[in-house]
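Close look at the chain arrangement
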Amino acid sequence: MSLNKNNNEAIIYRIAKNNLVSKKMSSFFSMLSILLAITLVSTLSLFIIGTQTAEQNILNHMQHVMYMNVTDEQIQRMASDDRIEQCAPYKELEKEFQTQGVAYRFFYNGACGGNIQSYILKKGKAPQAYHEILVDQAFLQELGRDAVLGERIDLDIGGETQEFTVCGYTEGNDSTVTHPIHVSKTFADQNPLMKDLPYTALVRIKDVTNVSGSTFTTIAYQIALDYKIERPNVNLNGKFEESLLKGNSGTYVILFISTLLFIASSIVIYSIFYLSVTARVQQIGQLQTIGMTEKQVKQMIRREGFLLSVCGIPIGLLMGGMISYLLIPEGWTFQNFWIAALNISVLGILIVQLSVRKPASIASKFSPIEASRTVEPVTKERPVNKHKALTPYVLARMESKNNRKKWWFTTVSLAFGGILFMVATTWVASWDQEQYAREGIFSNSEYDISYLYTHSTPKPYGITEFQLSGHLGSQLEDDIRKIPNVKDIHIEEEVFGNIEYKGVTFLQGFYPISADDTEYYQLLSKGNNNYNYMVEHDAILITDSSFSENINGITFEAGEKIKFRYFDGEEHTIELEIGAVTAESADGYGNRPNFCMADKTVEKLWKAMNTASSFSISVEDYEKNGKQVEAALQTLLVDYEDLSLSTLREKEIEVSGEIKNIQMQIYGISIFIILFSIFNLINTVMSSIINRKKQLSMLESIGMEERQVRNMLFWESFLLALPNILFTLTFGTIAGFAFTSFMQQSAHYLEYHFPVIPVIFYVIGMIGIPMLISFGCLKRQNNISLVERMKNEDS
Amino acid sequence: MNILSTNNLTKYYGAEPLLVKAIDGISLEIEQGSFTAIVGTSGSGKSTLLHMLGGLDTPTSGSIYVDGQELSGMGKNELAIFRRRKIGFIFQNYNLMPNLTVYDNIVLPVELDGRSVDKEYFTIIARTLGLEDKLNRKPNKLSGGQQQRVAIARALAAKPAIILADEPTGNLDSHTSGEVIGLLKTTSEKFHQTIVMITHNEEIAQSVDRTIRIEDGKIVESRW
């Protein structure tokens, strides 16, 4: 056999295995780091994939498109169209009712059976007879009634009470403020409240699950054209359309967080292997002395890494699979699991091999001669400072200084995790829940009164006929102002009319702008975007033009004319000029219409008609007075059947679950990332004590008391934690502030707050954990007699 | 005057029928300023005896008096304090602190006791042991013999009642061994220091004032 031939894989493998078994502690922490990284990456991947699968499952039972304002006859014809898989009728009564303080609304849904599942029937059957209803169990529980089939209940339906019979239950949503009541077709066609409401057709189109988004859109609009359904009445399922897009943000999230996790685990694994290798100088030197080549030494270290991967990865995958199943059982599949497992395993092995590459290289370069002389690890010679009295603190400092590299690795991995932790906790601490709920109509108020009008059941001139009643007028305003603690009422105005342009007719709201609304005139636009021009030429301004262009399928050109039909008690038709068109928007919250008209033009057209569309009411000291004001407003509005009240309180309830969910996920991920650092810290501290067993026993033999040893270890822990804490607090604060400031550009509900409580816990943990570990190890060592400990060679 | 005495000292391990009698009834007295060697074959109980004399291990029965104080009633911390004030240890493997300089290693027991170093005394020790020019070095830069000299200096620094040396020449070549034994004799005479040394080397045992032979945990011979 040639001298260069090393045909002894088996022995290398056996030595590597023995090394791991003999160094149980560092092997354990290395494997734990791998296991944790794999668990996190697999949980995250399977969770995101599972969410997408679950969403797809839901989409498989939803309509692809809603055609609004259709007749029963159109629905019947569409149902037998070859292009259509299923067509189900649907009606929704916007008005909300209450019985015993429990709010509810009426729906008719003809999609029972078939692929469209607007609700999940848990028990019973769909309503058939006039008085039969389908409810969720929480609704009956809130009414204090038994959740039993056949239960009869009296419900208020607009001033009168009717008895209904519960024929079935649906799966309910715990955070629902208003409960859905599903009625029969008979009720929907005959009851005065619902009979005049137009139908909406819920439609699933055949063979569109694997087409592009634009193909799907074309088919949907073609069907609308064939059944003479106007374009504004076509409501595409946005989620379904999104699912047809190639590539999605979920993949990027997996990649980004996986990268962070793998970096964190790489640092830890590198550090652990580095410590392990430098503590084995003598052993490796001896192996080289008896004939192990440099290549074989590297192979041995890499084998150790591989063996740890082989143990840690399967357990990590199993745990990741179990956790992701618990998080999202409805989206979990074995196929997804195996695909993710294969990819993550390959990646995990590669990362570990990369992490141990450098320590393996270092180990291969140990000189057998030096290694045979050295009992303790060789330390660099440093300039000797003036002698200081050898107190436990001074001894601790010397130990730290002489193991700079080891301490540096630990600090880096701790700081990496710490900074991420601080960014995450800063984000959570800066999240103002009330501000989040205020996004939108509650930006400057706590209550919003508007006309009970919905765009899904449009009237010919929008809210104009409500405005003619003048209910949102001075009388109501005065009554509201009389309520104690009402601070201010802002009156929002909007006018409606029908636009005919380029062969398309659609209903559109306009926002009246005055000369003072300069933010509109500063938008980058085509045409004449200034107040005087708009007044003189009866011109309109179209903002966020792409939104309207997409809905209506036309392009707006500045300078062209539109035909405008409006109503002020009588119908009128006028030509207006498109004064200017801009893709930008001046309304950050999206509360106002994109089409604008000069206030003088509005006055000219609608004259003295009340053009108020909503009252936004703010309260003095909302925390204290909110309840009282809300009760007063409810009482006031009893006489106004066409007005509805929305409250900040309801919005807060609605978003609270969402916020909590997001915050828990952020905390969860950041704590897991810190776990890597903590593993590394524990390993560093424990190996430091275990590798100095003999040294510590020697100190005891020459007269160091246990108290002095503990003090020395305390100071070592503190000196280990201090640079990390300072580094983390400094750069973590900067990073947290920068991140929050960046996010504030789009998330106005963020206001920078230093995460005091999490940081206190972090500091206590970083000092406390190494202390506890040190004292625990010391106590354990002291169970062995001093003489026995002195006999052991330090490893 | 006796600086150290034991009375019927025993150290047993295990229980019948597997009882191991490492030390089986040893009574001895060591005179102040003497240089005594305890010899015996491997497993005779020499190290066990030394460990008990130095308070590193506790006897099964019997008493030990060092400088008038009985060790058996002392707790762990009391023994630690006692060791740093009254006992100087020299080990076969030197047992120096690798991260401390030669100077720091020598003064360690004194400063652990919160006392200041007697600079004049220190200078004498350093000169006697030939360590003056090595005080700023770390142990890994010294040869075995040099490291053992540092260990001897450390043992002397606290001016202990007695120095206990466990095979101090075990890791040294014959020439260096001779040097180290010579230094121990010198320090014993110069500083009127009581030294008890364990060795299995009969030749080395010739250089001392008194030899005590141990076999099977008992003293079988004691000669001046």
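The structure displayed is predicted, hence computed values, not measured ones.

Broken down by element type, chain A carries 27 helices and 22 strands. Partitioning the contacts of chain A with sequence separation of at least 6, the portion at a separation of at least 24 is 79%. Accessible surface for chain A amounts to roughly 38,300 Å². Of this, 56% is attributable to carbon and sulfur atoms.

Residue and element names in this part refer to chain A. Inspection of the secondary structure puts Arg303 in helix α10 (residues 294-327). With a relative accessible area of 22%, Arg303 lands in the partly exposed category. Arg303 sits 57 residues away from Ala360 along the chain, and the two C-alpha atoms are 10.0 Å apart. For Arg303, the contacting residues outside a window of four places in its chain are Glu9, Ile12, Tyr13 and Ala16.

A word on the sheet that holds strand β5 (residues 69-70) of chain B. All names here are of chain B. Ordered by their spatial adjacency, 4 strands build an open sheet running β2-β1-β4-β5, and the pairing between neighbours is antiparallel. Only two strands of the sheet have a single partner each, and these edge strands are β2 (20-31) and β5. The pairing of strand β1 (residues 2-13) with strand β4 (residues 61-66) spans 5 bridges and is classified as antiparallel. For Thr6, the partnering residue across the bridge sits in β4 and is Ile64. Against the sheet, helix α1 (residues 46-53) contacts β1, β2 and β4, and its axis sits at roughly 125° relative to β1.

Within chain A, residue pLDDT values average 85, and 93% of them lie at 70 or more. Throughout residues 374-382 of chain A the model reports pLDDT below 50, and contacts reaching past four residues in sequence, or to other chains, amount to 18 contacts.

Attention now moves to the packing of helix α3 (residues 102-112) of chain B against helix α5 (residues 144-157) of chain B. All names here are of chain B. The contact between α3 and α5 brings their axes to 7 Å, and the two run at 30°. In terms of orientation, α3 lies roughly parallel with respect to α5. Crossing of α3 over α5 shows right-handed handedness. Residues Val102, Asn105, Ile106, Pro109 and Val110 of α3 touch α5, and the partners they reach there are Val150, Ala153, Arg154 and Ala157. For the contact of α3 with α5, the class distribution of residues is 7 nonpolar, 1 polar and 1 charged.

Residue and element names in this part refer to chain A. As for its placement among the helices and strands, Ser309 is situated in helix α10. Under the relative-accessibility criterion, Ser309 is labelled buried at 1%. Of note is the side chain of Ser309, whose polar atom sits 2.9 Å from the backbone oxygen of Gly305. What Ser309 contacts, discounting residues up to four positions off in sequence, is Ile34, Pro314, Ile349 and Val352.

For the rest of this paragraph, the subject is the interface of chain A and chain B. Listed by partner, the interface residues are 32 residues for chain A and 31 residues for chain B. Buried area between chain A and chain B, both sides added, is near 2,900 Å², and the carbon and sulfur share of it is 56%. Across the contact surface, chain A and chain B share 2 salt bridges. Note that B:Arg84 is salt-bridged to A:Glu705, the shortest N-O span being 3.0 Å. The leading source of residues in the side of chain A that touches chain B is helix α24 (residues 693-701) of chain A, at 6 residues.

Attention now moves to the sheet that holds strand β21 (residues 612-619) of chain A. All names here are of chain A. Ordered in space as β13-β21-β12-β22, the 4 strands form an open sheet in which the pairing is antiparallel. Because the sheet does not close on itself, it has two edges, and the strands there are β13 (486-493) and β22 (643-647). Strand-to-strand twist in this sheet, taken as the mean axis angle between neighbours without regard to direction, amounts to 20°. Here strand β12 (residues 447-451) runs beside β22; their pairing, made up of 5 bridges, is antiparallel.

All right, on to a positive patch on the surface then. On the surface, a cluster of positive charge is made up of A:Lys388, A:Arg397, A:Lys401 and A:Arg404. Within the secondary structure layout, A:Lys388 lies in the loop between α12 (368-373) and α13 (392-402).

Further remarks concern the nonpolar core. In this structure, A:Met300, B:Ile106, B:Leu108, B:Leu184 and B:Met197 are the most contacted members of the largest nonpolar core, which totals 129 residues. Examining the composition of this core, we find that 14 residues originate from one element, helix α2 (residues 24-59) of chain A, more than from any other. In this structure, B:Leu108 is in contact with A:Leu390, A:Leu395, A:Leu699, A:Ile702, B:Met97 and B:Leu100, ignoring residues within four places of it in sequence. In this structure, A:Phe139, A:Val166, A:Met194 and A:Leu244 belong to the second largest nonpolar core, which totals 47 residues.

Turning our eyes to something else, we now look at the side chain of B:Asp24. Structurally, B:Asp24 can be placed in strand β2. When sequence neighbours within four positions are dropped, the list of residues in contact with B:Asp24 reads B:Leu9, B:Thr10, B:Tyr12, B:Asp216, B:Gly217 and B:Lys218.

The next point concerns the pattern of salt bridges. Following the criterion strictly, the structure yields 41 salt bridges over all chains and no others. Here A:Arg83 ties to A:Asp226 by a salt bridge, and the two come within 2.8 Å at their closest N and O atoms. Highlighted residues: A:Arg83 in the loop between α3 (72-79) and β2 (84-92) and A:Asp226 in helix α6 (residues 213-226), separated in sequence by 143 residues. Using a relative accessible area of 28% as the deciding quantity, one classes A:Arg83 as partly exposed. Take A:Asp226: its relative accessible area is 37%, and that puts it in the partly exposed class. Residues joined by salt bridges that share partners form a network here, namely A:Glu705, A:Arg707, B:Arg84, B:Arg85, B:Asp113 and B:Arg115.

Moving on, we get to α5(B). Since the α-helix advances by 3.6 residues per turn, residues separated by three or four positions end up pointing in the same direction. The terminal C-alpha atoms of α5(B) lie 20 Å apart, and with 14 residues this matches the ideal 20 Å at 1.5 Å per residue to within 8%. Most of α5(B) sits inside the fold, with 12 of its 14 residues counted as buried. Within α5(B), burial applies to B:Gly145, B:Gln147, B:Gln148, B:Arg149, B:Val150, B:Ala151, B:Ile152, B:Ala153, B:Arg154, B:Ala155, B:Leu156 and B:Ala157. Tucked into the core, α5(B) has its buried residues touching α24 of chain A together with β6 (87-90), α3, α4 (119-128), β7 (162-166) and α6 (174-190) of chain B.

At the junction of B:Glu16 and B:Pro17, the peptide bond is cis and its omega measures out at 0° in the coordinates. If you check the backbone angles, A:Lys502 has positive phi at about 50° while not being a glycine. By the secondary structure assignment, A:Lys502 is in the loop between β14 (495-501) and β15 (504-513).

What follows deals with the confidence of the model for chain B. When the pLDDT values of chain B are averaged, the result is 88; 100% of them are 70 or greater. In the predicted complex, the global pTM is 0.69; the interface-specific ipTM is 0.81.

All names here are of chain A. Contact pair helix α14 (residues 404-429) / helix α23 (residues 648-690): the axes reach a minimum separation of 9 Å and the direction vectors enclose 165°. Relative to α23, the element α14 lies roughly antiparallel. Every pair of crossing elements has a handedness; the one defined by α14 and α23 is left-handed. Taken together, the residues that form the contact of α14 with α23 break down as 15 nonpolar, 10 polar and 1 charged.

Moving on, we get to a nonpolar patch on the surface. A contiguous nonpolar patch, built from A:Phe754, A:Val756, A:Ile757, A:Ile760, A:Phe761 and A:Ile764 and spanning about 600 Å² of accessible area, is present on the exposed surface. When its relative accessible area of 59% is taken as the criterion, A:Phe761 is described as exposed.

Each aromatic ring pair is described using two quantities: the centre-to-centre distance and the angle formed by the ring planes. Per the stated rule, a full pass over the model turns up 45 aromatic pairs over all chains. With centroids separated by 5.6 Å and ring planes inclined at 75°, the aromatic side chains of A:Tyr104 and A:Phe139 adopt a geometry described as edge-to-face. Of this pair, A:Tyr104 sits in strand β4 (residues 102-109) while A:Phe139 is found in helix α4 (residues 137-143), placing the two residues 35 residues apart along the sequence. Using a relative accessible area of 0% as the deciding quantity, one classes A:Tyr104 as buried. On the accessibility criterion, A:Phe139 (0% relative accessible area) is buried. Pairing A:Phe564 with A:Tyr566 gives two aromatic rings, centres 5.8 Å apart and planes at 20°, and the pair type is stacked. Note on accessibility: A:Phe564 and A:Tyr566 belong to one class, buried. Chaining the aromatic ring pairs together yields one cluster made of A:Tyr501, A:Phe506, A:Phe510, A:Phe556, A:Phe564, A:Tyr566, A:Phe595 and A:Trp606. Lying over the aromatic face of A:Tyr199, A:Lys91 brings its terminal NZ or CZ to 4.6 Å of the ring centre. Above the ring of B:Tyr121, the side-chain terminus of B:Lys159 is found at 4.7 Å from the ring centroid.

So, how was this worked out
- Residues numbered from 1 in each chain as written.
- Chains lettered and ligands numbered in written order.
- Predicted model: local features only at pLDDT ≥ 70, side-chain atom pairs only at ≥ 80, totals over all residues.
- Heavy atoms only, no water.
- Helix = DSSP H or I, 4+ residues; strand = E, 2+ residues; numbered from the N terminus.
- Contact = heavy atoms within 4.5 Å.
- Areas by Shrake-Rupley, 256 points an atom, 1.4 Å probe, with all protein chains shown as cover.
- Buried < 20%, exposed > 50% of the residue type's maximum accessible area, 1.4 Å probe, protein only.
- Pairing = 2+ DSSP bridges.
- Axes fitted to C-alpha atoms, helices over the stretch in contact; angles between N-to-C directions.
- pLDDT = per-residue confidence, 0-100.
- Parallel < 35°, antiparallel > 145°, perpendicular 65-115°, else oblique.
- Left-handed = near helix turned anticlockwise from the far one by under 90°.
- Nonpolar A, V, L, I, M, F, W, Y, C, P; charged D, E, K, R; others polar.
- Polar contact = N/O pair within 3.5 Å; in protein donor to acceptor, adjacent residues only side chain to side chain.
- Buried area = accessible area lost by both parts, 1.4 Å probe.
- Salt bridge = Lys/Arg side-chain N within 4 Å of Asp/Glu carboxyl O.
- Patch = residues over 30% accessible without salt bridge, like charges linked within 9 Å, V, L, I, M, F, W, Y side chains within 5 Å.
- Lys, Arg positive; Asp, Glu negative; His and termini not counted.
- Charge placed at Lys NZ, Arg CZ, Asp CG, Glu CD.
- Core = buried A, V, L, I, M, F, W, Y, C linked by side-chain atoms within 4.5 Å.
- Expected span 1.5 Å × (residues − 1).
- Phe/Tyr/Trp six-rings, centres within 6.5 Å; stacked < 30°, edge-to-face > 60°.
- Lys NZ or Arg CZ within 6 Å of the ring centre and 35° of its normal.

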